[in-house]
Every structure is written in structure tokens, then in C-alpha cells.
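Examining the three-dimensional arrangement
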Amino acid sequence: MEKCTTSPDAGQEDFRVVGDTAWDGLHRPRIYYAVAATFCGLFLSVLDGSICNVALPSMAAQLGVSSEDSIWIVNAFQLAVMMLLLPFASMGELMGYKQVYVRGIVVFTLGSLFCALAPSFPILVVARVVQGVGAAMLMSVNTSMVRLIYPRRHLGEGVGLNATVVAVASVTGPALSAAILAVAPWPWLFAINLPVGVATFVLARRYLPDNPVRVAGRRFNWREAALNAATFGLFIGCVEAYSHDVPPLPVLLGVAALLAAGFFYVRMQRGEKYPMLPLDLLRIPIFTTSVATSIISFTAQMLVMVGVPFMLVNTFGFDAVGVGLLMTSWPLAIVFVAPLAGWLISRVHPGILGGVGLSLLGAGCFMLAFARPSVGHTGLVVMLMVCGAGFGFFQSPNNHLLLSSAPPQRAGSASGMLATARLTGQTLGAALMALLFHLFGPGAPHDAMLLAGCLTVCGAVCSCLRLKERMVG
């Protein structure tokens, strides 16, 4: 049953409340099915951002395109996600997070089916765009769903588990891709999503809760959505163009278009009560600092995840299988550490936990930067596990701070901003790695570890600065 009430956080603004105004999450056994629905959808959407990387050479050969053109199989997905995250987050606040999430599962699963059946390269790229649209819908409201599913006293644990899923999915793609390609052709990279997508749809439709709070009288602004898509699309396009040695003139033209679109977008947002680009949330110091530290941490993570495989091959002489096995040390550490960090959130200030986590990540990066072949397998595993443990220790508290600092009626925008910060950091990290290869050649991976270590030190300082801010929620 719906009724209208006034939120204490919003002055005189009216909100439409669905169900009990004192919403405090789900309870057993429904919570288990809801958690499974959110984690499965999130894992698939993050996983498919990187699962094609290993398969690009064979896909290019079978589809009859150049290696350079095959990159669009990855870029089409990434572009769609970045351009649509914030619009779908805003839509979730209007029509309900569950509705956006369930529709996202449908779009993503259909996109996966189209990818698996694609007979040509152009159709595959279009299908990847469809898949990216679905992934954006899932990612944009995922953490908002976590906030609704878990009771307040267990929100830290929920955020920790969510961070674990993101971290593991981010680094699982290449290994899973290699395993699938060992026994099946590349269409199976997408076909494996179908049964999981159908099961996730059934669970989500039946067990996910509706929004307990929605803003009355708001309308979706399509002009904002178009400018948002143009701004983030041009940002990704310029970064990718620069990373792939596109001539300077097109890059400069793209940057000029980006600045123009960004100027008009921010100007429009400043006059909105509920901006799609959450300028209102960015005025909250603890929210802004959490976004900044998230971008820094994911930039460092991508530098390590892209640079270390080259280091393991060129410096340590490992083959592809050995690299894949060693790289599992990172997610293995996260699996154990992120839930622990989530449990500690209610006992230790998240700013301290985040600072400790980034300090650990930085220590691992510096150790890798100066590693020599004499450290052996065990030494490399320890270094990578230190990195993974540090990242896991940082991400859960940081996500919790970011989400809890936003008022309930802006949870969707907070969720979208969290995902946007992650993808922005990963994009910058990949671009910086390409730049380092261009500048320093074979020695670039070691320089990347040094840069990642310096970034994490800056991030640790930012995290500790949040100690002076008042905790919200």
C-alpha cells in the first residue's frame, strides 16, 4: 500500500513511500534469494567487460577483421556502460530500483544471446552495445538494491560481499575466457550467460524489494541523459583514441567536443533540484572524498592488473597458464579480506580501514616494482596477495561511506556514481599503462607499479582525511 509522507532529510519535499516507512531490509529466507539475484547480475555485468580480451585474436581471425578493429568488441560494451550509468541510476529513483534491475537482466541476457548468434563483426558489435545497455542498468542500481536488502546493522557486511563480487569478477574474466576457449569456440563466452541470466531474472522478479522511498513529482530529463551520454562517451573515446595512437588532430577535436558537452552538461545540472550528475551529493565532503579515493584505487588496480602479466612474462619468464594461476592470488585474498572489512565497518571508522587498505595495496605495488626473478613463485604470490588484501580492505569501507552519506531518496544516484567512479578509474589506469608503454617500452610494467604505489599513498591520505567528517546514516 502506498502513502505520501515527508522525509525529515528533505525539508518540505514530498516523497512517495512504498510499504513501511521504517524500512529495515529483508529477513530470512527471502534475503538469501535477493542477495543471490543481485550478486549474479553484478558478477555477469562486470565479468563481460573483460571476458573477451583473451579471445580477441581468434575472434578477429574468424570474423575476418583486423586486430585493431576487433578492439571495438570491448569498447562498444564499455562505451554503452559509461554513457548510461547515471541516467539509469536516476531512472531507478523514479520508477524503482527493482524495475530497472529486472529489465536490465532481460536486456543483458538478450544481448548475450545476440552475441552468441552473431554471424558477422558489425552485428556482434551492435549486440555488445545491447549487452552494455543491460550491464549499465544492472550496475547503476546494484548497490542501491544492497542498501534495501540488508538491515541497517548488517549493511557493512552486505557492502563487503558486494565489493568482493566486483573485485573477483574484475579479474576473473581472462582466466574464465581461457578455460572456455580451451574446450569451445568464442560464442560460448556469451552463451554461458544465458542460464545464469534466466535464473537471475526469476529470483529478482520474485524476491527483490520495491523502493521504500521515491520522490513524488519528478520526471526523467531526456536532455540531461543525452548530454550525460555525450560527455562520458567523448571522455572514453578520447582516452581510447590517445591510448591507441590515433593522430593528434582527431584527439584534439574530440577533447574540444568533450569540453563543450561537459560545460553545457554541468551548467544544466547546476539548476536542477535532483541532478543526474549528482552535484548535490558532491557537495557532501565525505561523499566527494569517497568518490575521489575510489577513482584513485581503481586506477592503481588497473595499472597492476594490466602491467603485472607483462612483467611476469618478460621479467620472470612465465607462460600464459602460469600468469593466469599467479594472478588468481589477488582475488583469492579479496574473497577472505573484503567480508572481514565489511564486518569491521561498524567497529572501526571506515576512513581508517580505507587508509590501512590502500597502504597495504601501495606496499604490494612497491614490492612488485622492485621484484627480481630471485623472489620465486612464493614471493610473487605473497606480493599479489598483499595487493589483493589491501584492495579488499579498502573497497568495502569506502563503498559503505559513499552509500551511507547519501540521503535515501538519492541512493540511486549514489549507486550510479560508485559504478562510474570504478569505471573511470579503470579507464584511466588502462590509458596510463598504454602511455607508459609508449614512453618506457619493456620497462613500463615496473614503472606502472611505482606509479600505482604513489597513487595509493595519495589515496590513503584522502581516506584518512575523512576522519574529521561526521558519519552519516
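Residues numbered from 1 in each chain as written. Predicted model: local features only at pLDDT ≥ 70, side-chain atom pairs only at ≥ 80, totals over all residues. Heavy atoms only, no water.

Looking now at the overall build of the protein chain. When its secondary structure is counted, the protein chain shows 19 helices and three strands. For the protein chain, with 473 residues in total, the buried portion stands at 56%. Of the contacts formed within the protein chain by residues at least 6 apart in sequence, a portion of 83% connects residues at least 24 apart. Carbon together with sulfur atoms contributes 69% to the accessible area of the protein chain, which is approximately 19,400 Å² in total. (Helix = DSSP H or I, 4+ residues; strand = E, 2+ residues; numbered from the N terminus. Buried < 20%, exposed > 50% of the residue type's maximum accessible area, 1.4 Å probe, protein only. Contact = heavy atoms within 4.5 Å. Areas by Shrake-Rupley, 256 points an atom, 1.4 Å probe, with all protein chains shown as cover.)

This paragraph deals with the environment of Leu325. Note on placement: Leu325 falls in helix 14 (residues 320–327). Exposure remark for Leu325: the relative accessible area of 59% places this residue in the exposed category.

One way to put it is that helix 5 (residues 97–117) packs onto helix 6 (residues 121–149) with a least axis distance of 7 Å and a crossing angle of 155 degrees. If you check the angle between helix 5 and helix 6, you find them roughly antiparallel. You can see that helix 5 and helix 6 cross each other, and the crossing is left-handed. When grouped by side-chain class, the residues that make up the contact of helix 5 with helix 6 number 18 nonpolar, eight polar and three charged. (Axes fitted to C-alpha atoms, helices over the stretch in contact; angles between N-to-C directions. Parallel < 35°, antiparallel > 145°, perpendicular 65-115°, else oblique. Left-handed = near helix turned anticlockwise from the far one by under 90°. Nonpolar A, V, L, I, M, F, W, Y, C, P; charged D, E, K, R; others polar.)

Right, let's get into the side chain of Gln78. Among the secondary structure elements, Gln78 is positioned in helix 4 (residues 72–95). Apart from the residues lying within four places of it in its own chain, the contact partners of Gln78 are Ile236, Glu240 and Thr427.

Looking now at the packing of aromatic side chains. Under the counting rule described, the total for this entry stands at five aromatic pairs. Relative to Tyr207, the ring of Tyr33 has its centre 4.5 Å away and its plane inclined at 20 degrees; by these criteria the two rings are stacked. With Tyr33 in helix 1 (residues 30–47) and Tyr207 in helix 9 (residues 193–207), this pair connects stretches of sequence that are 174 residues apart. We classify Tyr207 as buried; its relative accessible area is 16%. Plain terms: the ring middles of Trp186 and Phe190 are 6.2 Å apart, the flat faces sit at 85 degrees to each other, and that makes the pair edge-to-face. For Phe190, a relative accessible area of 0% gives the class buried. Taken together, the ring pairs in this structure connect Phe298, Trp330 and Phe391 into an aromatic cluster. (Phe/Tyr/Trp six-rings, centres within 6.5 Å; stacked < 30°, edge-to-face > 60°.)

Quick look at the environment of Ala406 now. Turning to its location among the elements, Ala406 is positioned in the loop between helix 17 (376–404) and helix 18 (411–440). Owing to a relative accessible area of 2%, Ala406 belongs among the buried residues under this scheme. For Ala406 and Asp280, which are 126 residues apart along the polypeptide, the C-alpha to C-alpha distance reads 9.5 Å. For Ala406, the residues in contact, after removing those within four places along its chain, are Arg147, Leu281 and Ala414.

Considering all chains together, one arrives at zero disulfides under this definition. Its sulfur unpaired, Cys115 is 7.2 Å from the next cysteine sulfur, which belongs to Cys52. Relative accessible area serves as the criterion here: at 0%, Cys115 is assigned to the buried category. (Disulfide = S-S within 2.5 Å.)

Attention now goes to the confidence of the model for the protein chain. Per-residue confidence for the protein chain averages 82 on the pLDDT scale, and 89% of its residues sit at or above 70. Low pLDDT (under 50) marks residues 1–21, which in the prediction has 46 contacts with non-local residues, meaning those over four places away or in another chain. (pLDDT = per-residue confidence, 0-100.)

Taking 1.5 Å per residue as the helical rise, helix 19 (residues 444–465) with its 22 residues ought to reach 32 Å, and the 32 Å between its terminal C-alpha atoms agrees with that figure. When helix 19 is considered as a whole, its buried residues turn out to be Ala444, Pro445, His446, Ala448, Met449, Ala452, Gly453, Thr456, Gly459, Ala460 and Ser463. Looking at the buried positions of helix 19, the neighbouring elements they touch are helix 13 (285–314), helix 16 (350–369) and helix 18. (Expected span 1.5 Å × (residues − 1).)

Structurally, Ser329 is set in helix 15 (residues 329–344). Here Leu326 takes part through its backbone oxygen, which lies 2.8 Å from a polar atom of the side chain of Ser329. Beyond its immediate stretch of four places on either side in the chain, Ser329 contacts Val381, Leu384 and Met385. (Polar contact = N/O pair within 3.5 Å; in protein donor to acceptor, adjacent residues only side chain to side chain.)

Time to look at the nonpolar core. With 66 residues, the main nonpolar core has Tyr101, Met139, Ile149 and Leu208 as its most contacted residues. By size, the runner-up hydrophobic cluster in this structure holds 36 residues, among which are Leu312, Leu368, Cys387 and Met433. (Core = buried A, V, L, I, M, F, W, Y, C linked by side-chain atoms within 4.5 Å.)

One simple way to see leftover space: roll a probe sized like a water molecule over the atoms. Evaluated as defined, the whole model comprises one cavity of 30 Å³ or more. Here the largest cavity defines a volume of roughly 100 Å³. Secondary-structure elements contributing two or more residues to the lining of the largest cavity are helix 6, helix 7 (155–181), helix 17 and helix 18. Among the elements that line the lining of the largest cavity, the one with the most residues is helix 18, at four residues. For the lining of the largest cavity, a count of residues per class yields seven nonpolar, six polar and one charged. (1 Å grid on protein atoms, 1.4 Å probe; cavity = no way out; pocket = protein on both sides within 12 Å on 5 of 7 lines; lining within 4 Å. Points joined across faces, edges and corners; volume = space filled by probe spheres on them.)

Attention now moves to the packing of helix 1 against helix 6. Contact pair helix 1 / helix 6: the axes reach a minimum separation of 9 Å and the direction vectors enclose 150 degrees. The orientation of helix 1 with respect to helix 6, classified from their angle, is roughly antiparallel. Viewed along their axes, helix 1 and helix 6 form a crossing whose handedness is left-handed. Here Ile31, Ala34, Val35, Thr38, Gly41, Leu42, Ser45 and Val46 of helix 1 lie close against helix 6, whose contacting residues are Ala135, Leu138, Met139, Asn142, Met145 and Ile149. Along the lines of polarity and charge, the residues of the contact of helix 1 with helix 6 split into ten nonpolar, four polar and no charged.

Attention shifts here to a nonpolar patch on the surface. On the surface, Val106, Leu110, Leu113, Phe114 and Leu117 cluster together to form a nonpolar patch covering roughly 430 Å² of accessible area. Mapped onto the elements of the fold, Leu110 is located in helix 5. (Patch = residues over 30% accessible without salt bridge, like charges linked within 9 Å, V, L, I, M, F, W, Y side chains within 5 Å. Salt bridge = Lys/Arg side-chain N within 4 Å of Asp/Glu carboxyl O.)

The topology assignment puts Arg103 in helix 5. For Arg103, a relative accessible area of 45% translates into the label partly exposed. Considering only alpha carbons, one finds Arg103 and Leu138, 35 residues apart in sequence, at a separation of 8.6 Å. Those residues in contact with Arg103 that lie beyond four places of it in its chain are Met95 and Met137.

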